[in-house]
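# A look at the structure
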Amino acid sequence: IIAILFVNYKGRPWMNGLMENHSLFLSIFLCVTLVATCAWGYFPQLNTLIHLEPFPDDHFRWQVMGLVGASLVGTFLWDRIIVAIFARPIF
C-alpha cells in the first residue's frame, strides 16, 4: 500500500510535488520507518502489542527488508515505464 501511494501521487503540474507535500512525505517516511523499526525489534513491547513474532535470524530480516525496498523501487520504475509508453505527454 505504501508503494502504491508513493507511486500514484503524480504531483506537478497538477498538485504539489511529493517533497512539497510535507504531510504526505512524512506519512510515507514514517510508515517505512515503522516497518523497519518493527523488523529490527527496537521496541519489543510494540511488536508484542501488534502480535508480531521475532524474525528467526538476521539473514531473513534483511531479505524481508530487501523485498520491501524492491517493492518500492520496482513499483516506481514500472509506473514510470508504463507512463512513458502510454502517456508520453505527462511523462
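I will try to describe carefully the structure that is included in this document. Here the residue numbers are simple positions, counted from 1 along each chain's written sequence. Reporting of local features is limited, given that this is a predicted model, to residues whose pLDDT is at least 70; pairs of side-chain atoms are given and counted only at 80 or more, and all residues count toward the totals for whole chains, interfaces and linings. Excluded from the side-chain calculation are hydrogens and water; included are all heavy atoms of the structure.

## Re the state of the cysteines
Here a disulfide denotes one covalent bond, and it connects the sulfur atoms of two cysteines. Only a pair of cysteine sulfur atoms within 2.5 Å qualifies as a disulfide here. Enumeration over the complete set of coordinates arrives at 0 disulfides. Here Cys31 stays free of any disulfide, with the sulfur of Cys38 as its closest cysteine sulfur at 11 Å.

## Digging into unusual backbone geometry
Positive phi, normally seen in glycine, also occurs at His51, with a value near 60°. Comment: elements are numbered from the N terminus, with helices defined as DSSP H or I runs of at least four residues and strands as E runs of at least two. Tracing the backbone through its elements, the reader meets His51 in the loop between α3 (44–49) and α4 (58–86).

## Remarks on α4
For a helix, the expected span equals 1.5 Å multiplied by the number of residues minus one. The end-to-end C-alpha distance of α4, which contains 29 residues, comes to 41 Å, matching closely the 42 Å that a straight helix rising 1.5 Å per residue would cover. Where the residues of α4 are buried, they touch α1 (2–8) and α2 (22–40). When checking whether two residues touch, look at their non-hydrogen atoms; a contact exists if any pair is within 4.5 Å.

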